[in-house]
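# Remarks on the overall topology
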Amino acid sequence: MQPEVALREVAQAVSVCTRCALHFSRKRSVPGEGPADAQVMLIGEGPGFHENEQGRPFVGQAGKFLDELLALAGLKRTEVFITNVVKCRPPGNRDPLPEELSACSAMLEQQLEIIHPRVIVTLGRFSMARFLPNARISEIHGQPRWVDDGCMIVPMYHPAAALHQPKLRPDLEADFARLPGYLQMQPGPQKPSVPPKKGTEAETQLSLF
Ligand code: URA
């Protein structure tokens, strides 16, 4: 099957999904968007108010900021795939519940399999936890690592977190600015350009390369 068609099928499945209680309150599901051959996939937390209205990811304040961050990496929104760990809005923008994350995980898995991006940028701790369950974002943000299938994971702060806590902004901007360099790297056990802090979990993981 063509990857574009496969992605549309996932989006269709998301739109009629009743696997968790979020479907009761959703206005529009937000499957994600972007080209099927995107090299970069960004994974956020879940739709907010505006995303729930429009059925598109990151279209509110955090989305405007995300566009600016992508520009720092020389990327346009139209060339990356943007999605979330949950595809329907948690009421009041609360954190997604474990049962919602697990109900929605099959959709994200399918998107990952279809797109197979070179670089996955996780935005915020819920998305990071899908790949690095015990990591602390403050310790490992911006540090790349490879997973089994040759994808590079780069955990980053969520743009909304940096809007609420301006002290996070320089780190988030610097992390995005490093993305072009990461895209040049070949899959495999290479040393990232930013060494992790001594004694952190990130250092332990990288020493496995
Ligand atoms: N925050 C997210 O995590 N995802 C969106 O789509 C919008 C805001």
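Above this text is the structure in question.
Reference entry: report on the structure contained in this document. If you're wondering where the values come from, they're calculated on a predicted model, not measured in any experiment. (Residues numbered from 1 in each chain as written. Predicted model: local features only at pLDDT ≥ 70, side-chain atom pairs only at ≥ 80, totals over all residues. Heavy atoms only, no water.)

### A closer look at the packing of aromatic side chains
Inspection of every chain in the model, using the stated rule, returns zero aromatic pairs. Sitting above the plane of the Phe 131 ring, Arg 130 keeps its charged end 4.4 Å from the centroid. (Phe/Tyr/Trp six-rings, centres within 6.5 Å; stacked < 30°, edge-to-face > 60°. Lys NZ or Arg CZ within 6 Å of the ring centre and 35° of its normal.)

### Some details on the pairing of strand β2 (residues 81-84)
Every second residue of β2 is oriented toward a common face, with Phe 81 and Thr 83 on one face and Ile 82 and Asn 84 on the other, all of them buried. Bridging between strand β1 (residues 40-44) and β2 involves four bridges; their strand directions are parallel. Following the sheet pairing, Met 41 is matched in β2 by Phe 81. (Buried < 20%, exposed > 50% of the residue type's maximum accessible area, 1.4 Å probe, protein only. Helix = DSSP H or I, 4+ residues; strand = E, 2+ residues; numbered from the N terminus. Pairing = 2+ DSSP bridges.)

### So, the sheet that holds strand β4 (residues 145-146)
Taken in spatial order, the five strands make up an open sheet running β2-β1-β3-β5-β4, and their pairing is mixed. Only two strands of the sheet have a single partner each, and these edge strands are β2 and β4. Where β4 and strand β5 (residues 152-156) come together, two bridges link them in antiparallel fashion. Bridged to Arg 145 within β5 is Ile 153. Here helix α5 (residues 98-115) sits on the sheet and contacts β1, β2 and β3 (119-123); the angle it forms with β1, its principal contact strand, is near 170 degrees. (Contact = heavy atoms within 4.5 Å. Axes fitted to C-alpha atoms, helices over the stretch in contact; angles between N-to-C directions.)

### Here's the deal with the environment of Asp 148
With respect to the element layout, Asp 148 can be found in the loop between β4 and β5. A sequence separation of 39 residues divides Asp 148 from Pro 187, and the C-alpha atoms of the two residues are 9.9 Å apart.

### Notes on the site of the ligand
Lining the immediate environment of the ligand, one finds Gly 44, Glu 45, Gly 46, Glu 51, Pro 57, Phe 58, Asn 84 and His 158. Residue Phe 58 places a main-chain N or O atom 3.0 Å away from an oxygen atom belonging to the ligand. Within the side chain of Asn 84, one N or O atom sits 2.7 Å away from a nitrogen atom of the ligand. Within the complex, 91% of the 230 Å² of free accessible area of the ligand lies under protein. Of the pockets mapped on this structure, the ligand occupies the largest pocket. Residue composition of the shell around the ligand, by class: two nonpolar, four polar and two charged. (Near = heavy atom within 4 Å. Polar contact = N/O pair within 3.5 Å; in protein donor to acceptor, adjacent residues only side chain to side chain. Areas by Shrake-Rupley, 256 points an atom, 1.4 Å probe, with all protein chains shown as cover. 1 Å grid on protein atoms, 1.4 Å probe; cavity = no way out; pocket = protein on both sides within 12 Å on 5 of 7 lines; lining within 4 Å. Sits in = over half its atoms within 2 Å of the grid points. Nonpolar A, V, L, I, M, F, W, Y, C, P; charged D, E, K, R; others polar.)

### Considering empty space enclosed by the protein
Evaluation of the coordinates by the stated rule reveals one cavity of 30 Å³ or more. Approximately 100 Å³ is the volume attributed to the largest cavity. Residue assignment for the lining of the largest cavity shows that the elements contributing at least two residues are α2 (22-25) and α5. A total of three residues in the lining of the largest cavity trace back to one element, the largest contributor, which is α5. Grouping the amino acids of the lining of the largest cavity by side-chain chemistry returns nine nonpolar, one polar and three charged. (Points joined across faces, edges and corners; volume = space filled by probe spheres on them.)

### A few points about the packing of helix α4 (residues 61-72) against helix α9 (residues 169-177)
The contact between α4 and α9 brings their axes to 7 Å, and the two run at 45 degrees. It follows from the interaxial angle that α4 and α9 lie oblique. The handedness of the crossing between α4 and α9 comes out as right-handed. Contacts from Phe 65, Leu 66, Glu 68, Leu 69, Leu 70 and Leu 72 of α4 reach α9 at Arg 169, Leu 172, Glu 173, Phe 176 and Ala 177. When its residues are assigned to classes, the contact of α4 with α9 shows eight nonpolar, no polar and three charged. (Parallel < 35°, antiparallel > 145°, perpendicular 65-115°, else oblique. Left-handed = near helix turned anticlockwise from the far one by under 90°.)

### Details of helix α1 (residues 3-15)
Turn by turn, an α-helix covers 3.6 residues, leaving residues three or four places apart pointing in a common direction. Taking 1.5 Å per residue, 13 residues should reach 18 Å; α1 reaches 18 Å between its end C-alpha atoms and fits that length. Among all positions of α1, only Ala 6, Leu 7, Val 10 and Val 14 are buried. What you see down the axis of α1 is that its buried residues fit within an arc of 100 degrees, all on one side. Considering only its buried residues, α1 is in contact with β2 and α5. (Expected span 1.5 Å × (residues − 1). Arc of directions from axis to C-beta.)

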